[in-house]
Amino acid sequence: PEERISEMMRCGNAPAIIVDEKCAGVWDKDAITCHELTESSELAINTVSHVDDDLFLYFTSGSTGAPKKVLLKNDGILNSICTKIHEMKICSDDKLSYVLSSGFVSSLWCCLGPAVVGAELVYTDTPYDVYSFFMHCRDRHVTIVEIAPSFLKTFLNIERLNAKPLDLQKMKWLVSTGEEIASGAAASFYALHGNRRPYILNAYGMTECSDDVLHHPVKPGQIERIIPLGRPALRTSIYILDEQHRL
């Protein structure tokens, strides 16, 4: 909604809102198109030069219903990207699918991560057509995909109706994030795909922590009743508290 975007700009002290040409007429005030951004010399853009510099400002839904702003720093985002690279051994031969909304913090590592190792970013314009999305990933030889468990559940339901599951062996990892993944969904996926690649990586985190902070590889034949949240991200530690906030 226009009023929500205006409030986000006010809270974030944003000098302008960058839009594509299709939306240029909607935002007459403080709007600049991507083309104008490359041509403009008036809009000052600060560069990031230190690990402690502020990098992104995200707005979550918040418990009150009003957008809650979360400021992410350079080192947090970089650590999140490096953790994903470490967990999945991402290299220049990989292709990562970019399907998440840019308003979702997990889109950051998907977008910026490939540049760190020289991997390829593959954009798809069929994110809401689940089966077409996976067909696109198969045809483009995508090796890493990040989706929500509900997305995977829909895909599995469609595959059960088909005579033959999609051949996804070129894919290495299927990252599950945003929701709890049920052990039954993981077991069904491996049963349909012959207990082989792609493997599922359960990821858990929140916007305030620069995205996922825990990762657990879910391998065929090793699926527990409740899938663990996994190991801490690089250079971090996890502390578990009881209801009285005691260690």
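Being a predicted model, the structure only gives us computed values, none of them experimental.

1. Brief notes about a nonpolar patch on the surface
A cluster of nonpolar side chains, contributed by Tyr-204, Met-206 and Leu-229, occupies part of the molecular surface with about 260 Å² of accessible area. Its location among the elements puts Met-206 in strand E9 (residues 199-206). The class of Met-206 is partly exposed, set by a relative accessible area of 36%.

2. So, unusual backbone geometry
Residue Pro-198 is reached from Arg-197 by a cis peptide bond, and omega for that bond is 5°. Here Pro-198 lies in the loop between helix H7 (183-192) and E9. Phi angles above zero are rare outside glycine, and Lys-89 is one such case at about 55°. Its place among the elements puts Lys-89 in the loop between helix H3 (74-88) and strand E5 (95-98). Looking at Lys-89, the relative accessible area reads 59%, which means it is exposed. Even without being glycine, His-141 reaches a positive phi, approximately 55°. Locating His-141 in the fold gives a position in the loop between helix H5 (130-139) and strand E7 (144-147). Residue class for His-141 comes out partly exposed when judged on its relative accessible area of 43%.

3. Some details on the side chain of Glu-146
Inspection of the secondary structure puts Glu-146 in strand E7. Lys-84 is the oppositely charged side chain nearest to the buried, salt-bridge-free Glu-146, at an N-O distance of 4.9 Å. Polar side-chain contacts of Glu-146 include one of 2.4 Å to the side chain of Trp-109. Those residues within four positions of Glu-146 in sequence are excluded, and the remaining contacts are Lys-84, Val-99, Leu-100, Ser-106, Trp-109, Cys-110, Val-175, Thr-177 and Asp-212.

What counts as what
Residues numbered from 1 in each chain as written. Predicted model: local features only at pLDDT ≥ 70, side-chain atom pairs only at ≥ 80, totals over all residues. Heavy atoms only, no water. Patch = residues over 30% accessible without salt bridge, like charges linked within 9 Å, V, L, I, M, F, W, Y side chains within 5 Å. Areas by Shrake-Rupley, 256 points an atom, 1.4 Å probe, with all protein chains shown as cover. Salt bridge = Lys/Arg side-chain N within 4 Å of Asp/Glu carboxyl O. Helix = DSSP H or I, 4+ residues; strand = E, 2+ residues; numbered from the N terminus. Buried < 20%, exposed > 50% of the residue type's maximum accessible area, 1.4 Å probe, protein only. Lys, Arg positive; Asp, Glu negative; His and termini not counted. Polar contact = N/O pair within 3.5 Å; in protein donor to acceptor, adjacent residues only side chain to side chain. Contact = heavy atoms within 4.5 Å.

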